[in-house]
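For reference, the chains in residue letters:
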Amino acid sequence: MEIITKRINTYNFEFRLTCGACPEQYDVYLENEQVAYVRLRWGALRCDYPCCGGEVIFTADLNDYPMQGEFASYEQRDFYLEKIAQSIYNKIFQSETVR
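Since the model is a prediction, treat every value here as computed from it, not as a measurement.

1. Remarks on the pairing of strand β4 (residues 33–41)
Then, in step 1: Strand direction decides the pairing type here: strand β3 (residues 24–30) and β4, joined by seven bridges, are antiparallel. Across the sheet, the residue bridging to V28 is A36, located in β4.
Then, in step 2: Counting the residues in the hairpin turn of β3 and β4 gives two residues, including E31, whose phi is positive at 55 degrees.
Then, in step 3: Note that β4 and strand β5 (residues 44–49) share five bridges and pair antiparallel. Bridging from a neighbouring strand, L40 pairs with L45 of β5.
Then, in step 4: Once β4 ends, the chain turns through two residues before running back antiparallel as β5, passing W42 with a positive phi of about 55 degrees.

2. Here's the deal with unusual backbone geometry
Then, in step 1: Between C22 and P23 the backbone carries a cis peptide bond, its omega angle lying at 5 degrees.
Then, in step 2: Its place among the elements puts P23 in the loop between β2 (11–20) and β3.
Then, in step 3: Residue Y49 is joined to P50 through a cis peptide bond whose omega torsion reads 0 degrees.
Then, in step 4: Inspection of the secondary structure assignment puts P50 in the loop between β5 and β6 (55–61).
Then, in step 5: Phi at N32 takes a positive value of approximately 65 degrees, unusual for a residue other than glycine.
Then, in step 6: The topology assignment puts N32 in the loop between β3 and β4.

3. Here we look at the nonpolar core
Then, in step 1: Core analysis: the largest hydrophobic core is formed by 26 residues, its most contacted members being F13, F15, L45, I84 and I88.
Then, in step 2: Sorting the residues of this core by element identifies β1 (3–8), β2, β3, β4, β5, β6 and α1 (74–98) as the ones contributing at least two each.
Then, in step 3: Per element, the largest residue contribution to this core is eight residues, and it comes from α1.
Then, in step 4: Aside from chain neighbours lying at most four places away, what touches F15 is E2, I3, I4, K6, Y26, D27, V28, V38, L81, I84 and A85.

4. A short note on the environment of K83
Then, in step 1: Positionally, K83 belongs in helix α1.
Then, in step 2: Expressed as a C-alpha distance, the spacing of K83 and F58, which sit 25 residues apart in the sequence, is 8.6 Å.

5. What about the pattern of salt bridges?
A side chain of one charge can pair with a side chain of the opposite charge when the charged atoms of the two come close.
Then, in step 1: Enumeration over the complete set of coordinates arrives at six salt bridges.
Then, in step 2: Between E24 and R77 there is a salt bridge, and its shortest N-O distance comes to 2.8 Å. Taken together, the positions of E24 in strand β3 and R77 in helix α1 put the pair 53 residues apart, joining distant regions of the chain.
Then, in step 3: Of the charged contacts, one joins R46 and D48 as a salt bridge, the two residues approaching to 2.8 Å between their closest N and O atoms.
Then, in step 4: Residue D48 is classed as buried on the basis of its relative accessible area, which comes to 1%.
Then, in step 5: Among the charged side chains, a salt-bridge network with shared partners connects K6, D78 and E82.

The rules behind each value
- Residues numbered from 1 in each chain as written.
- Predicted model: local features only at pLDDT ≥ 70, side-chain atom pairs only at ≥ 80, totals over all residues.
- Heavy atoms only, no water.
- Pairing = 2+ DSSP bridges.
- Helix = DSSP H or I, 4+ residues; strand = E, 2+ residues; numbered from the N terminus.
- Core = buried A, V, L, I, M, F, W, Y, C linked by side-chain atoms within 4.5 Å.
- Buried < 20%, exposed > 50% of the residue type's maximum accessible area, 1.4 Å probe, protein only.
- Contact = heavy atoms within 4.5 Å.
- Salt bridge = Lys/Arg side-chain N within 4 Å of Asp/Glu carboxyl O.

What follows is the structure, encoded as structure tokens:
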């Protein structure tokens, strides 16, 4: 299983690859707790919080080619996973300050 870590401030978000293509998808963990689900299918990238079927907190249209079910390059993957990590961070820690 491939794990990609994205650091936002002092927090390491682990993107654990659960399917490599069609769709490319990840479960995202923070300190061994699942905090998000990421899926790229048919060119539609989305992130659900805190798991699959939860609140959609990030979307992007990646229709670079028909039926895109995986990122086109490592650079594209890195770019979007970084944006998603920031969205998860904002959701978790902005929610805490409101309570």
